[in-house]
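Letter by letter, the chains look like this.
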Amino acid sequence: MTPKPNSFGPLSGIRILEIGHYIAAPFCTRILGDLGAEIIKIEPPAGDPARDWGAKQNDRSLWWSVHARNKRSVAIDIKSPEGLEAVQKVIASCDALVENLRPGALARLGLSYEVLETLRPGLVVAHISGYGQNGPERDRAAFGVIGEAIGGLRYLTDHPQGTSDLPPVRVGVSLGDSVAGLYAAIGVLAQLLGRAENKSSSCHVVDVALTESVLSLMEDMLPAYGALGQIKKPTGARISTAAPTSAYPTRDGRWLLIAANSDLLFGRLMALIGRDDFASDPELSTNSGRVAQADRLDSAIAEWTRQHDADDAARIVAEADIPSTLIYTAAEIVADPQFQARGMIRKVTDAEQGTVLHPGIVPHLPDCPGAIRFAGQNLGQDTDDVLREFAHMTAQEIGRLRSEKVIT
């Protein structure tokens, strides 16, 4: 039996139903579950496809242990009349519903706003989709990578113009999905707060698009184009608006990130690498001047870093109180004392995997920190308990659904 929430965070007492798959909606509910909400995840009898993704141990996804933590798994055929009825009864006891089906799919399943409002007045309903719930593109298929491309991110993560024939580089994780999940979590919390304050009984909708979530991160992309006609360009390891900031090669073949993009830090770095001539150069006295001569600066900094092994260079620059770091792999992340001190490397007991490393809980709330109550569950592990508790079904009724393959 899955443990139930009991004052595990500021959202304790909030119950959220997830009808999600892959990444975006499950990421949203993972955040809310970490902060104490009770999450009931509805999966089809075959399970969420993400159960089979990523590195595996004992033929089971290790990512799933994190991706579905703090969620009770209910495996049920919601497309069947009996399954839909059971889910509707569960919804009646929930505060919010989070989904990432195609626009209109929830209503086609039999869960229109009118039905949901009847089941649970004031229910917060969060939709996550590629393009949003309205507009000419709402019905187009999309995943996070599509949102990243349309929102402008994939253009900016390309190699600088003329430096490579390779395709535009992906960030390396499903950023478009995850940022949409973050915005959905914010929307759910805002609507729950608004409902509590306004005492309104109407359905509270959250509409998050992958494309819009990525676009919202694009800093000066739109204002620069609107006012000046400028198209923000890929900059590789640099920052287009500040210098010097880049990744610099070390003698042993690694990369050291240095961000000395203020007047004070620039002077400090130039003194460190023995380039007082740069520090006193009037053309480099302002950030705009340094941006214009980034090639010249980066060449001088790289000349210095190439004379040192990575660990030595990183120590020297850090001791000068200049923002800098080596580029971490998983090994460095796990060994990092700051991550360890703040509980960001958690050893979690997974019933199927043994001890598994999880990232900690973000945001950090020192007075009410939330908890990782349990790892991702087996498919349908909580079906019987949830149907008994919230749909008020008897053992005989649950047995009949199982015999008809409505639940697993």
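It should be noted that the structure appears before, not after, this text.
This structure is a prediction, so every number in the text was calculated from the model and none was measured. (Residues numbered from 1 in each chain as written. Predicted model: local features only at pLDDT ≥ 70, side-chain atom pairs only at ≥ 80, totals over all residues. Heavy atoms only, no water.)

**Re the pairing of strand S6 (residues 96-99)**
The alternating pattern of S6 places Ala96 and Val98 on one face and Leu97 and Glu99 on the opposite face, and all of these are buried. Pairing geometry for strand S1 (residues 15-19) and S6, over four bridges, is parallel. If you follow Glu18 over to S6, its bridge partner there is Val98. Of the pairings in the sheet, the one linking S6 to strand S7 (residues 124-129) comprises four bridges and is parallel in character. Looking at S7, one finds that Leu97 is bridged to Val125. (Buried < 20%, exposed > 50% of the residue type's maximum accessible area, 1.4 Å probe, protein only. Helix = DSSP H or I, 4+ residues; strand = E, 2+ residues; numbered from the N terminus. Pairing = 2+ DSSP bridges.)

**Quick notes on the sheet that holds strand S9 (residues 245-249)**
Pairing in this open sheet of three strands is antiparallel, and the strands run S9-S10-S11 from one edge to the other. Only two strands of the sheet have a single neighbouring strand rather than two, namely S9 and strand S11 (324-326). Across the sheet, the mean angle from the axis of one strand to that of its neighbour is 20 degrees, orientation sign disregarded. With five bridges joining them, S9 and strand S10 (residues 255-259) adopt antiparallel strand pairing. Bridged to Ser246 within S10 is Ile258. Of the strands in this sheet, S10 and S11 touch helix H15 (residues 310-319), which is tilted by about 165 degrees from S11. (Axes fitted to C-alpha atoms, helices over the stretch in contact; angles between N-to-C directions. Contact = heavy atoms within 4.5 Å.)

**Notes on the side chain of Ser213**
In this structure, Ser213 sits in helix H9 (residues 210-215). For Ser213, a relative accessible area of 3% corresponds to the buried category. Within the structure, the side chain of Ser213 is placed 2.8 Å from the backbone oxygen of Ala209, a separation counted as a polar contact. Filtering out sequence-adjacent residues up to four positions away, Ser213 remains in contact with Val179, Ala180, Tyr183 and Val208. (Polar contact = N/O pair within 3.5 Å; in protein donor to acceptor, adjacent residues only side chain to side chain.)

**Thoughts on unusual backbone geometry**
At the junction of Ala243 and Pro244, the peptide bond is cis and its omega measures out at 0 degrees in the coordinates. Summarising the element assignment, Pro244 is placed in the loop between helix H10 (221-228) and S9. For the peptide bond that leads from Val362 to Pro363, omega is 5 degrees, which places it in the cis range. Along the chain, Pro363 turns up in the loop between strand S13 (354-359) and helix H18 (383-389). Positive phi, normally seen in glycine, also occurs at Asp321, with a value near 60 degrees. Looking at where Asp321 falls in the secondary structure, it is placed in the loop between H15 and S11. The exposed category is assigned to Asp321, whose relative accessible area is 57%. Non-glycine residue Lys405 carries a positive phi angle of around 60 degrees.

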